[in-house]
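Coordinates in review
Next come the chains, spelled out residue by residue.
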Amino acid sequence: MNFNDDKNDFFDGPDIPETPPTPRMPDLKPEDPDYWEQDESEFEHLKRPDWRLWLWIAIAGVVIGLFIAVYLRYFSPYVSEATQYGYVEDIEKRGTVFQTYEGVILPYKELMDTTRVYREDFKFSVKDPQVATLLRRMQYANLPVRVEYKRYHAPLPWRGESKIVVIAADTADPAKILPPEFSPSL
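Residues numbered from 1 in each chain as written. Predicted model: local features only at pLDDT ≥ 70, side-chain atom pairs only at ≥ 80, totals over all residues. Heavy atoms only, no water.

1. Some details on the overall build of the protein
We count it as follows: Here a helix means four or more residues in a row that DSSP labels H or I, a strand means two or more in a row labelled E, and each is numbered from the N terminus. Each residue's exposure class comes from its accessible area (1.4 Å probe, protein chains only) as a fraction of the maximum for that residue type: buried when under 20%, exposed when over 50%, partly exposed otherwise. The contact rule is simple, with two residues in contact once any of their heavy atoms fall within 4.5 Å.
Across its full length, the protein holds 4 helices and 5 strands. Moving toward the C terminus, one meets the helices and strands of the protein in the order α-β-β-α-β-α-β-β-α. For the protein, buried positions account for 22% of its 186 residues. When contacts within the protein are restricted to residue pairs at least 6 apart in sequence, those whose partners lie at least 24 apart make up 55%.

2. Notes on the nonpolar core
As a reminder of what qualifies: Buried residues of nine kinds, namely Ala, Val, Leu, Ile, Met, Phe, Trp, Tyr and Cys, make up a nonpolar core once their side-chain atoms join them within 4.5 Å.
Core analysis: the largest hydrophobic core is formed by 18 residues, its most contacted members being Phe 124, Val 126, Leu 135, Val 145 and Val 147. Elements that contribute at least two residues to this core include exactly strand E1 (79-94), strand E2 (100-107), strand E3 (122-126), helix H3 (129-141), strand E4 (144-151) and strand E5 (164-171). For this core, the element with the highest residue contribution is H3, accounting for 4 residues. Among all residues touching Leu 135, those that are not within four sequence positions of it are Val 88, Ile 91, Phe 124, Val 126, Val 145, Val 147 and Ala 169.

3. A word on the environment of Tyr 152
Structurally, the position occupied by Tyr 152 is in the loop between E4 and E5. Through-space distance from the C-alpha of Tyr 152 to that of Lys 163 is 5.1 Å; in sequence the pair is 11 residues apart. Excluding residues that lie within four positions of it along the chain, Tyr 152 makes contacts with Tyr 74, Phe 75, Ser 76, Pro 77, Tyr 78, Arg 159, Lys 163 and Val 165.

4. Quick notes on the side chain of Ser 125
We apply this condition: Between N or O atoms, a polar contact is any pair within 3.5 Å; within protein, one atom must be a potential hydrogen donor and the other a potential acceptor, and residues adjacent in sequence are included only when both atoms are from side chains.
Topologically, Ser 125 is positioned in strand E3. Separated by 2.7 Å, the side chains of Ser 125 and Glu 102 make a polar contact. For Ser 125, the side chain forms a polar contact with the main-chain nitrogen of Glu 161, separated by 3.4 Å.

5. Some thoughts on the packing of aromatic side chains
How we decide: For Phe, Tyr and Trp, rings pair up if their centres lie within 6.5 Å, where Trp contributes its six-membered ring, and each pair is then called stacked (planes under 30 degrees apart), edge-to-face (over 60) or tilted (otherwise). Remark: a charge is flagged as sitting over a ring if the NZ atom of Lys or the CZ atom of Arg is within 6 Å of the ring centre and within 35 degrees of the ring normal.
Per the counting criterion, the structure on display carries 4 aromatic pairs. Ring geometry for Tyr 87 and Tyr 108: centres 5.5 Å apart, planes at 75°, overall edge-to-face. One end of the pair, Tyr 87, is in strand E1; the other, Tyr 108, is in helix H2 (residues 108-112), and 21 residues separate them in sequence. Geometry around Tyr 152 places Arg 159 over its ring, the cationic atom sitting 3.6 Å from the centre.

6. Topic: the pairing of E3
Stated precisely, the cut-off is as follows: At least two bridges found by DSSP between two strands is the condition for calling them paired.
The buried fraction of E3 amounts to 4 of the 5 residues, a majority that puts the element mostly inside the structure. When E2 meets E3, the two strands line up antiparallel, connected through 5 bridges. Paired with Ile 105 across the bridge in E3 is Phe 122. The sheet contact formed by E3 and E5 spans 2 bridges and is parallel. The residue bridging Val 126 from the neighbouring strand is Val 166, located in E5.

Here's what the structure looks like:
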């Protein structure tokens, strides 16, 4: 190897003085009085918003959406102020942690309709012990009952096993409910 060649070496040569870097302007905050006196860049309005802001907006939107979905699914009844007439077939207290009353009513419209096949019983839950006691009395006396209920999209453990929750019960006059040919003579 020959180290003494006549070719220019980029690393050898006169030392070029380094130019000192231009001092950077400090980032001023709006609390600083000089912030309002500095010139605004002509490209300031083209700056992208901070990605963290969009992340917080997205998280807030998802949380609010989930809250609304859970409220509509579990806590908002889609049928309210509904009534059903019939005879109480069974009512009992069930549950391990959350004890509620579960019952079955044989609806009048199903019992008295001779043209269609019997479809189903009216299964319900009751939270109020006084309403459950009244329904049990109606069951033992074999009297017709009128119940007011709310129907939810999904059951919750503290509300009962059924989507239907009875909120009030009262006796029913069979002479006013049944057609005249089926009404009992009292």
